[in-house]
Amino acid sequence: MNYSNFTQNANKPFVSITGQDQESISFILSNTDLSVANAIRRAMIAEVTTMAIDLVEFENNTSVLTDEFIAHRLGLIPLFSSDVDTMIPFTSRECSCQQYCPSCSVELHLNVKCDQESRSVTSNDLISVHQQIKPITSESDSGILIAKLVKGQEISLRCIAKKGIAKEHAKWSPCAAVAFEYDPHNRLRHTTYWVEDDVKSEWPVSKNGELEEEPAEDEPFDYLAKPNKFYYNVETTGALKPQEAIIAGLKVLQKKLAFIKKNVEGIAEEVGTGGVEERMF
Amino acid sequence: MVMQEPAVQDENGFDTYVNGGVPSTTGPKIEVVASNESDPGAATFCIRDEDHTLGNALRYIIMKNPAVEFCGYSIPHPSEYMVNLRIQTDGSISAVDALHRGLDDLINLTSHISSTFQDKVQAFK
Ligand SMILES: [Zn+2]
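Computed from a prediction, not measured in an experiment: that's the story for all the values here.

**Regarding the domain arrangement of chain A**
How big an interface is tends to be reported as the loss of accessible area on association of its parts.
Residue and element names in this part refer to chain A.
Okay, so step 1: Here chain A is partitioned into domain 1 (20-48 + 175-184 + 228-273) and domain 2 (50-172).
Okay, so step 2: Here the C-alpha centre of domain 2 lies 28 Å away from the C-alpha centre of domain 1.
Okay, so step 3: With eleven residues of domain 1 in contact, the opposing surface of domain 2 contributes 13 residues.
Okay, so step 4: On the domain 1 side of the interface with domain 2, the three residues burying the most area are Ala46, Val48 and Ala239, jointly 44% of the side's total.
Okay, so step 5: Inspection of the region where domain 1 meets domain 2 yields one salt bridge.
Okay, so step 6: The shortest N-O distance in the salt bridge between Lys167 and Glu47 comes to 3.5 Å.

Here is the structure:
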């Protein structure tokens, strides 16, 4: 096969970072197709592995909240999941154990009794047996509120945090929000605005629009044009750093492709009646 | 660490795919959809446990191959977790080769994006 190796020249995508802080990163991906840009977006939202509480065993709960209500809140607390694959090799679905084991899970404990007038139970009260995999912390806040107790009330429970992906439950998504935009001036007419009087005043162009030339008033519609520049803003929950989530998303795609590639071997003889090899070459 | 490797096999020895919590299909990861076509340049592949994430990107990258005349994908039914990928070439290469090439190209493309992104993040600080 000798057709021009386009991934080596023409269609080499470009990346430029436009902003970054603790929780989010903005970047522009250009010179590639919408399908590729969308695959990256989808992969990082739904298929990056993280840890999240999945099983809760209550020993005591005399708070006003029901067990399942608290269990649900616990599940949504982000746990530090950087390099999770090196520490926890399997998601619980892939693991060969019956329910959970150290290869697919981590245990956490919460034991709080209110001796004062009242108190808050937060993610800081959750104690993990694992060194790294524990509820996220930041200097600016006092933990994530789980419940409030008054004098004499008590919550004591044991949690199993499992490794998983957001396709099963959104609590495993490392992304809190992924903003994705292309063609801010709607040159391609991929969308139709609902307008009362004036499009321009009713639909202000996004900030990304400043980076692209505004179309002329009488510009003819180019029906062959394709989107080429994709604006992302990835905000994570804290389970992963934003850049980690993006890199992990790309890695997910690569693993999927490599796995299909491995399985394509030996499929050749199924195609065509005479078998591909002898007929073709 | 082998994320996509199946852990379970059914009674026929087929791998059962577990993808997140989505109820999964059973059968080979990829197979050629049966047809009476005699042209090795044309085939429909059924890829299990994949969706638009890979289907559309794969369609694009295979279409980029000048030897490919047609490539399209579909998800035949929303409750069956699989993608059908149709490839027709001009005859100079087989459909399987086109698929192979597409997989390689998309791996190269994503790893290029990944390395470029990491470089840019380093430089941005
Ligand atoms: Zn296990």
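**Examining the coordination of the zinc ion**
Residue and element names in this part refer to chain A.
Okay, so step 1: Summarising the metal site, the zinc ion is bound by the protein donors Cys95 (SG), Cys97 (SG), Cys101 (SG) and Cys104 (SG), whose distances to it range over 2.2 to 2.3 Å.
Okay, so step 2: Around the zinc ion, the four donor atoms are arranged such that angles at the metal cover 100 to 117 degrees; this shape is classified as tetrahedral.
Okay, so step 3: Taken in sequence order, the residues that donate to the zinc ion follow the motif C-x1-C-x3-C-x2-C. By the burial criterion, Cys95 is buried, and Cys101 matches it.

**Some thoughts on the pattern of salt bridges**
Okay, so step 1: Taken as a whole and judged by the stated rule, the model has 22 salt bridges over all chains.
Okay, so step 2: A salt bridge links Glu47(A) to Lys256(A), with the nearest nitrogen and oxygen atoms 3.0 Å apart. Placement of the pair is Glu47(A) in the loop between α1 (34-46) and β3 (50-61) and Lys256(A) in helix α5 (residues 242-264), with a sequence separation of 209 residues.
Okay, so step 3: Classification of Glu47(A) as buried rests on a relative accessible area of 1%.
Okay, so step 4: A salt bridge links Arg86(B) to Glu37(B), with the shortest nitrogen-to-oxygen separation between them at 2.6 Å.

**A look at the layout of surface pockets**
All names here are of chain A.
Okay, so step 1: Size it by volume and the largest pocket reaches roughly 880 Å³.
Okay, so step 2: The wall of the largest pocket is formed by 30 residues, among which His185, Asn186, Arg187, Leu188 and Pro215 lie closest to the centre.
Okay, so step 3: For the lining of the largest pocket, the class distribution of residues is 14 nonpolar, four polar and twelve charged.
Okay, so step 4: What lines the second largest pocket is a set of 24 residues, among which Gln22, Phe80, Ile136, Thr137 and Gly238 lie closest to the centre.
Okay, so step 5: Residues of the lining of the second largest pocket, tallied by class, amount to seven nonpolar, twelve polar and five charged.
Okay, so step 6: Two domains each donate at least three residues to the lining of the second largest pocket, and these are domain 1 (20-48 + 175-184 + 228-273) and domain 2 (50-172).

Cut-offs used in this document
- Residues numbered from 1 in each chain as written.
- Chains lettered and ligands numbered in written order.
- Predicted model: local features only at pLDDT ≥ 70, side-chain atom pairs only at ≥ 80, totals over all residues.
- Heavy atoms only, no water.
- Domains from an automatic or database assignment.
- Contact = heavy atoms within 4.5 Å.
- Buried area = accessible area lost by both parts, 1.4 Å probe.
- Salt bridge = Lys/Arg side-chain N within 4 Å of Asp/Glu carboxyl O.
- Donors = N, O, S within 2.8 Å, 3.2 Å for Na, K, Ca; no water.
- Tetrahedral: all angles 85-135°; square planar, octahedral: opposite > 155°, others 65-115°.
- Buried < 20%, exposed > 50% of the residue type's maximum accessible area, 1.4 Å probe, protein only.
- Helix = DSSP H or I, 4+ residues; strand = E, 2+ residues; numbered from the N terminus.
- 1 Å grid on protein atoms, 1.4 Å probe; cavity = no way out; pocket = protein on both sides within 12 Å on 5 of 7 lines; lining within 4 Å.
- Points joined across faces, edges and corners; volume = space filled by probe spheres on them.
- Nonpolar A, V, L, I, M, F, W, Y, C, P; charged D, E, K, R; others polar.

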